[in-house]
Amino acid sequence: MNQVASFILNILQGHGAFVKEASLIAYGDDFVSFPDEKDLLRAHLVVELIETYRYPPESLVVGAYVPIKYNGIAFTEIDLIVHNAARQPFILIAVEQVRYYEQRLEETVRKLFAVAILMRQKYPPRYLAYYTRWYEGENRIVRKMVIDYSKYQTFYAWHEASRPIVSDIPSNG
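Treat the numbers as computed from the prediction; the structure is a model and nothing was measured.

**What to know about the environment of A43**
Item 1. Within the secondary structure, A43 sits in helix α3 (residues 37-51).
Item 2. Once the C-alpha coordinates of A43 and L80 are considered, the two residues, 37 residues apart in sequence, prove to be 9.9 Å apart.

**Some thoughts on the nonpolar core**
Item 1. Ranked by size, the top nonpolar core spans 21 residues in total, and within it L92, V109, F113, L128 and M145 carry the most contacts.
Item 2. For this core, the element with the most residues is helix α4 (residues 98-119), which contributes 8 residues.
Item 3. With residues near it in sequence (within four places) discarded, L128 still touches L92, L112, F113, A116, M145, V146, I147 and Y149.
Item 4. Formed by 20 residues, the second largest nonpolar core is a distinct cluster that contains Y53, Y55, V62 and F90.

**Considering α4**
Item 1. At R104, α4 shows its maximal bend, which comes to roughly 70 degrees.
Item 2. Residues of α4 that are buried include every one of Y101, L105, T108, V109, L112, F113, V115, A116 and M119, and no others.

**Structural notes on the side chain of T132**
Item 1. Position of T132 among the secondary structure elements: in strand β4 (residues 127-136).
Item 2. Among the polar contacts listed, one links the side chain of T132 to the backbone nitrogen of V98, at a separation of 3.2 Å.
Item 3. Not counting residues up to four positions away in its chain, the partners in contact with T132 are L41, E96, Q97, V98, Y101, I141, V142 and R143.

Thresholds, definitions, all that
- Residues numbered from 1 in each chain as written.
- Predicted model: local features only at pLDDT ≥ 70, side-chain atom pairs only at ≥ 80, totals over all residues.
- Heavy atoms only, no water.
- Helix = DSSP H or I, 4+ residues; strand = E, 2+ residues; numbered from the N terminus.
- Core = buried A, V, L, I, M, F, W, Y, C linked by side-chain atoms within 4.5 Å.
- Buried < 20%, exposed > 50% of the residue type's maximum accessible area, 1.4 Å probe, protein only.
- Contact = heavy atoms within 4.5 Å.
- Bend = angle between axes of the 7 residues up to and from the residue.
- Polar contact = N/O pair within 3.5 Å; in protein donor to acceptor, adjacent residues only side chain to side chain.

This is how it looks when you write it as structure tokens:
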């Protein structure tokens, strides 16, 4: 798990934090570089999932490596996995910087479907989501695509159905 998301989860779970860890998150190593924009997006989404969608912190896995064993690749990283109460994958989420969101949409959604298909035998997710956010002045703008994987189990089936999406990330409970 990356430092930013780990730090925020520790705070939300009530665990203590050290100033040294906080400074690394705020300023990067040796106060030279800032955290990666994608890491910050994941961290913001973690907070949003907890505060807005009411998921408990323990149901979230940031930067999960999913075993796929396909075409010589053993694992792939998923930005965020939301688990249900039974600790099974409920939502697979890919996060992207706004400047790459459209450009990588097709590739990323295909990857989400591919991972879900490989997970299907054991614990298939219910939803796939692609997310970004940015600010224009004081206004936060969120762009997300949520796909009901229980209805469309392949990219092709979803594409043939005119790419329907769910209106929002489902809330917990």
